[in-house]
Amino acid sequence: MSLLDPQERSARGTAIKAEVTGNPAPEPQTPLEESWRDFVYAEVWSRPGLDRRARYLVALAGAAFAASERDLELYVEGALKGEALTVTELREAALHLAVYGGWSRGGLVDSAVSRVAERLGLPAAERTPIRAAPWDPQVRSEEGAQEFINVMTFPGGPPATPYLEAIRNFVFGEMWCRYDGLDQRSRRWLTLVGVCESGAETPIRTHIHAAMASGNCKPQEMQEFVLQYGIHAGWPKASVIQGVVFEMIKKIEAGLPHDA
Amino acid sequence: MSLLDPQERSARGTAIKAEVTGNPAPEPQTPLEESWRDFVYAEVWSRPGLDRRARYLVALAGAAFAASERDLELYVEGALKGEALTVTELREAALHLAVYGGWSRGGLVDSAVSRVAERLGLPAAERTPIRAAPWDPQVRSEEGAQEFINVMTFPGGPPATPYLEAIRNFVFGEMWCRYDGLDQRSRRWLTLVGVCESGAETPIRTHIHAAMASGNCKPQEMQEFVLQYGIHAGWPKASVIQGVVFEMIKKIEAGLPHDA
Amino acid sequence: MSLLDPQERSARGTAIKAEVTGNPAPEPQTPLEESWRDFVYAEVWSRPGLDRRARYLVALAGAAFAASERDLELYVEGALKGEALTVTELREAALHLAVYGGWSRGGLVDSAVSRVAERLGLPAAERTPIRAAPWDPQVRSEEGAQEFINVMTFPGGPPATPYLEAIRNFVFGEMWCRYDGLDQRSRRWLTLVGVCESGAETPIRTHIHAAMASGNCKPQEMQEFVLQYGIHAGWPKASVIQGVVFEMIKKIEAGLPHDA
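Residue positions within a chain follow its written sequence, with the count starting from 1. Note on labels: chains are lettered from A, ligands numbered from 1, in written order. Under the rules for a predicted model, residues below a pLDDT of 70 receive no local features and side-chain atom pairs below 80 are neither given nor counted, while totals for whole chains, interfaces and linings still include all residues. To obtain the side-chain values, all non-hydrogen atoms of the structure were included, while hydrogens and water were left out.

> So, the interface of chain C and chain A: which residues are in play, and what are the values?
Only heavy atoms matter for contacts: two residues are in contact if any of them lie within 4.5 Å across the pair. Listed as interface residues are 47 residues of chain C and, on the opposing side, 45 residues of chain A. Buried surface at the junction of chain C and chain A, both sides included, amounts to about 3700 Å², of which 65% is carbon and sulfur. Basic side-chain nitrogens of Lys or Arg form a salt bridge, by our definition, when they fall within 4 Å of a carboxyl oxygen of Asp or Glu. Joining chain C to chain A, the criterion identifies four salt bridges. With a shortest N-O distance of 3.9 Å, Arg47 of chain A and Glu165 of chain C are connected by a salt bridge. Between N or O atoms, a polar contact is any pair within 3.5 Å; within protein, one atom must be a potential hydrogen donor and the other a potential acceptor, and residues adjacent in sequence are included only when both atoms are from side chains. The interface formed by chain C and chain A includes 16 residue pairs in polar contact (both at pLDDT 80 or more). Every helix listed is a DSSP run of H or I at least four residues long, and every strand listed is a run of E at least two residues long, numbered separately from the N terminus. Counting only elements with at least two residues in the side of chain C that touches chain A, the list comes to α5 (87-101), α6 (103-119), α7 (137-152), α8 (162-176) and α9 (184-198) of chain C. Note on definitions: buried area is the accessible-area loss of two parts on being combined, 1.4 Å probe, summed for both.

Listed below in structure tokens is the structure:
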């Protein structure tokens, strides 16, 4: 078997890091920086199984949960310069993450986008208002119930509490459906990081299943997601996800629902 | 059915945001900012089922877990200006959160209070020392065991390890009982966020039950808590809490303990 | 029984705080600061059951998960001044934490080390490159599998997915084995905080067992770890760990594996 060359690996990592962050990659000064180059960029971001746009969305959500303003700016700047995501899409990503990780974490992303956009001299993004016309609350509730099915691939329960009512009215009735700002597949990666970070079994199981059952994400991409997620959340959190991904891929391949 | 008007909703959100943050609410520039106004303030903080003081305590604890210094300052400033919480109470809240979320997270709150108090020119708060007089360690232990029953509504186990000993001696024997600084009901909201964020099943179940069994919080308020908590922690974490709240309300209504 | 004196306790806390942070401890101005002195330093860091180097590693990892830049700097400065940890070891700790808590959290530690080292005028640390010579990927995989056994005390499963492959190749094949930078016992404390923060049952159980089964950590030290961890993560998260520690100590004393 042919030997692998550490200098080739480092050169690959340096090149990918420069692409991902949108700036020349400086020489590592610490073991951590070296591992970013030689493992995270050279051996993870380099993998073909998941596109770079998806990896950015996982990375952004991960950096928001770690409350790392520096890393948020790195990914935002790289995504904008490399045209992996537009300002409009990043603004929608911040809103989406607010729902799946809390408004303060969404705010960390939104602030990072503002700082980078100002530094790069970008104009404010166009945005669709949440509501422009008067609405019938009954219609809003029904539209939310329908969008729940569209996203989750199964119907939601009755909106019996303030929390459950807000899921129907706002989360699905007003937020998910903003597809002119960010497509459904992209929203999946943000959602998946949010549910994985929560450690909550039911959302983890239902969303991993729905991501594949909806056609947004292939089983092999979901396996790549586990690795990319591990980079940002740490190996122990990802180990739980690896187990559920195995199980849900079997269900998807057998054409079964998540709770079969 | 009469239609609802988006401009009325936005005006309501703007007004409540100004009250909650203690400053005029600027026009939203991003979808996230718009959702703060039209959903978080107009449709959540506006709800009558939970008083604003309780919502502030949930918000402060939530922002501490998200490590958002900006949001911590917003809530601290608003709570002080609107007289929902005093500096003394906010200082106690920081200590309480240290126990339920770690000293570093308590420190994020304490630092935010210091920055805002300085900006507003407020004097240092009066405070009760943890211990002013010599104490008998046996008495401290017994007082802690009694305060545990007072708070949890059931007796704690034997202090068989360093961790369990500290629960009795410090958590209940010296911290919870500082009711001259912050009342028991207010401490509940901080505690609830801390246990919900931990994802730890037993503390979640026992504290949700104890909050109601003690009379500090009504079942309907607990349902409102789930929604307010979801705003700060994200929907997936709150989904677990919604399930436990349903279950514990049934136990409370049947007069049963948490583990019946 | 003789009475304990609050002034003696405060004096002890002040002295230990000054040692741990490497700077004179100012007079507390808030209840939180008072509790740092009179509980955290006087009654926890003062305990003989766990050495200070171990407590620093738990504290650093805990502050990284709380995203507290201020507390990270306090511990880094104190550890360096008191010669509990070298710059080389702190750099390795940042890398180790990246694996168990995500690269962004490792980055928070690495940045804090850089800021403190610059402030103290320390030279850059020597470091061993991740790979200096060409390697056979099959050998790397086998070495990783062997190091897994060395650390976990049982064999890992097949590297059937990108995530599992990276565990073998990088986590154990390239990272854990950097013992010339940081010894195995020290790596345990960082690992333990990482798995405890994840809330993931299997890593929590296997790593608590392995820490003792490997001889890196005695049962009594593990009990002290629960308390020190609680200081940084909050009582609810530590309550889960206390339960697992009880259970795993019994297994260790009976000579049983973690899943017996």
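> Break down the relation of the copies chain C and chain A for me, with residues and values.
We superpose the copies by least squares over the C-alpha atoms of residues that have a pLDDT of at least 70 in both of them. Structural alignment of chain C on chain A gives an RMSD of 0.0 Å, achieved by rotating through 120 degrees and translating 0.0 Å along the axis. The transformation just described matches what one would write down for a three-fold rotation axis. The position closest to the rotation axis in chain C is occupied by the C-alpha of Ala67 of chain C, lying 3.6 Å away. Of all interface residues in chain C, a mere 2% are interface residues in chain A too; the two copies therefore contact each other through different surfaces.

> Run through the relation of the copies chain B and chain A, naming residues and quoting values.
Laying chain B over chain A is done by rotating through 120 degrees and shifting 0.0 Å along the axis; what remains is an RMSD of 0.0 Å. Looking at chain B, a mere 2% of its interface residues are interface residues in chain A too, so the copies touch through different faces.

> Go over the packing of α9 of chain C against helix α10 (residues 201-213) of chain C, please, and point to the residues and values.
Residues and elements named next belong to chain C. Where helices are involved, their axes are fitted lines through C-alpha atoms of the stretch in contact, as for all axes, and angles between N-to-C directions lie from 0 to 180°. As a packed pair, α9 and α10 sit with axes 9 Å apart at the nearest point and diverge in direction by 160 degrees. When the axis of α9 is compared with that of α10, the two are roughly antiparallel. Note that α9 runs across α10; the crossing there is left-handed. Contacts from Arg188, Thr191, Leu192, Val195 and Cys196 in α9 reach Pro203, Ile204, His207, Ile208, Ala210 and Ala211 in α10. All amino acids are sorted into three groups, where Ala, Val, Leu, Ile, Met, Phe, Trp, Tyr, Cys and Pro are nonpolar, Asp, Glu, Lys and Arg are charged, and the leftover types, Gly among them, are polar. Per-class residue counts for the contact of α9 with α10 are eight nonpolar, two polar and one charged. Roughly parallel refers to an angle under 35 degrees, roughly antiparallel to one over 145, roughly perpendicular to one between 65 and 115, and oblique to any angle outside these ranges. Should the near helix be turned anticlockwise from the far one by less than a right angle, the crossing is termed left-handed; should it be turned clockwise, right-handed.

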